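Observations on the model geometry
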Amino acid sequence: MEQNYHFFAMVNRMKRIDRWALMYNTEKENIAEHSQCVAVLAHALALIGNKEFGKSYDAERAALLALFHDTTEVITGDMPTPVKYGSEELKTVYKRIEAGAAQRLLAMLPEDYRADYLPLFEQQAEDEALWQLVKAADKISALIKCIEETRMGNREFEMALKAQEQKIAAINLPEVRYFSEHFLPSYYLTLDEHTK
């Protein structure tokens, strides 16, 4: 009997998992859309690091890690940040749940492929610097969502916007500072302001 593998069908379900579930949204965002945004941003941060600060990041790998960074949420759902990080105990429990979800997803691949996908779910020491970029890109993506919502008059995101701006300002990476100075201001503008 021929074996069927469900990994890619499950990954495809990322578009079914909405983010920001506790907040009123003028426009929904799912984890597939979010992951694409984070991949674009992580790739950009890596290129900025290479071109502006003499780093030697693998920009394509940063994008790949970002594409998969929330994939376990097809099993766990998107746990709201105040819950996920509400205490050290909850954080520890959620990390175990995420690890279990990663193992379930990896088991949906042929055995010969699992080692190739494992580093996308379990952080490897050699990817540590890239994961820092992915985490920074994840926070920038959240800030962009907050900017978009507040620009549409959604007061629900006002406090989140301030909190995300503070989180970005606190990231001690020159790539993030450069992005914040040269690219982030455009997100506060309208389409007409971008094209004039």
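One can find the structure itself at the top, above this paragraph.
Residues numbered from 1 in each chain as written. Predicted model: local features only at pLDDT ≥ 70, side-chain atom pairs only at ≥ 80, totals over all residues. Heavy atoms only, no water.

What follows is about the overall build of the protein. When you go through the protein residue by residue, the secondary structure sums to 11 helices and zero strands. The C-alpha radius of gyration computed for the protein amounts to 18 Å, which stays within 12% of the reference 16 Å derived for 196 residues, consistent with globular compactness. Projecting the C-alpha coordinates of the protein onto the three principal axes gives extents of approximately 60 × 40 × 35 Å. Look at the contacts in the protein between residues 6 or more apart in sequence, and 69% of them connect residues 24 or more apart. Per element, the accessible surface of the protein, about 11,800 Å² overall, is 52% carbon and sulfur. (Helix = DSSP H or I, 4+ residues; strand = E, 2+ residues; numbered from the N terminus. Rg over C-alpha atoms; globule rule 2.2 N^0.38 Å. Contact = heavy atoms within 4.5 Å. Areas by Shrake-Rupley, 256 points an atom, 1.4 Å probe, with all protein chains shown as cover.)

Inspection of every chain in the model, using the stated rule, returns 10 aromatic pairs. The interplanar angle of 75° and the centroid separation of 6.0 Å between the aromatic rings of Phe8 and Tyr117 together place this pair among those described as edge-to-face. In this pair, Phe8 is assigned in helix H1 (residues 7-11) and Tyr117 in helix H7 (residues 111-121), connecting sequence segments 109 residues apart. Taking the centre distance of 6.0 Å and the plane angle of 65° together, the rings of Phe68 and Tyr117 count as edge-to-face. Here Phe68 is found in helix H3 (residues 59-68), whereas its partner Tyr117 is found in helix H7, with 49 residues between them in sequence. The pair Phe68 / Tyr117 is uniform in exposure class, with both members buried. (Phe/Tyr/Trp six-rings, centres within 6.5 Å; stacked < 30°, edge-to-face > 60°. Buried < 20%, exposed > 50% of the residue type's maximum accessible area, 1.4 Å probe, protein only.)

Time to look at the packing of H3 against helix H8 (residues 128-151). At a closest axis distance of 9 Å, the pairing of H3 and H8 adopts a crossing angle of 60°. As summarised for this structure, H3 and H8 are arranged oblique, according to the angle between their axes. Between H3 and H8 lies a crossing of right-handed hand. Of the residues in H8, those touching H3 at Arg61, Ala62, Leu65 and Ala66 are Leu130, Trp131 and Val134. Among the residues forming the contact of H3 with H8, the class breakdown is six nonpolar, no polar and one charged. (Axes fitted to C-alpha atoms, helices over the stretch in contact; angles between N-to-C directions. Parallel < 35°, antiparallel > 145°, perpendicular 65-115°, else oblique. Left-handed = near helix turned anticlockwise from the far one by under 90°. Nonpolar A, V, L, I, M, F, W, Y, C, P; charged D, E, K, R; others polar.)

This part covers the nonpolar core. Within the largest apolar cluster, 52 residues are counted, with the highest numbers of intra-cluster contacts made by Phe7, Leu45, Tyr117, Phe121, Ile140 and Val176. Every element with two or more residues in this core is listed here: H1, helix H2 (31-53), H3, helix H6 (88-106), H7, H8, helix H9 (158-170) and helix H10 (174-182). Here this core gets 12 residues from one element, more than from any other, and that element is H8. (Core = buried A, V, L, I, M, F, W, Y, C linked by side-chain atoms within 4.5 Å.)

Across the interface, H2 lies against H10 with an axial gap of 9 Å and an inter-helix angle of 105°. Taken together, H2 and H10 sit at an angle that is classed as roughly perpendicular. Residues Leu41, Leu45, Ile48, Gly49, Glu52 and Phe53 of H2 form the contact with H10, whose participating residues are Pro174, Glu175, Val176, Tyr178 and Phe179. Tallied by class, residues from the contact of H2 with H10 come to eight nonpolar, one polar and two charged.

What follows deals with a positive patch on the surface. A cluster of like positive charges, contributed by Lys91, Lys95, Lys135, Lys139 and Lys167, occupies part of the molecular surface. You can see Lys95 is positioned in helix H6. (Patch = residues over 30% accessible without salt bridge, like charges linked within 9 Å, V, L, I, M, F, W, Y side chains within 5 Å. Salt bridge = Lys/Arg side-chain N within 4 Å of Asp/Glu carboxyl O. Lys, Arg positive; Asp, Glu negative; His and termini not counted. Charge placed at Lys NZ, Arg CZ, Asp CG, Glu CD.)

A few words on unusual backbone geometry. Phi is positive for Trp20, which is not a glycine, with a value near 55°. Within the secondary structure, Trp20 sits in the loop between H1 and H2.

Let us now look at the state of the cysteines. In this structure the tally under the stated criterion is zero disulfides. With no disulfide of its own, Cys37 lies closest to Cys146 among cysteine sulfurs, the gap being 12 Å. Judged by relative accessible area, Cys146 falls into the buried class, the value being 0%. (Disulfide = S-S within 2.5 Å.)

Turning our attention to H6. Its 19 residues place the ends of H6 27 Å apart at the C-alpha level, agreeing with the 27 Å of an ideal helix rising 1.5 Å per residue. Contacts from the buried residues of H6 go to H1, helix H4 (73-76), helix H5 (81-84) and H7. (Expected span 1.5 Å × (residues − 1).)

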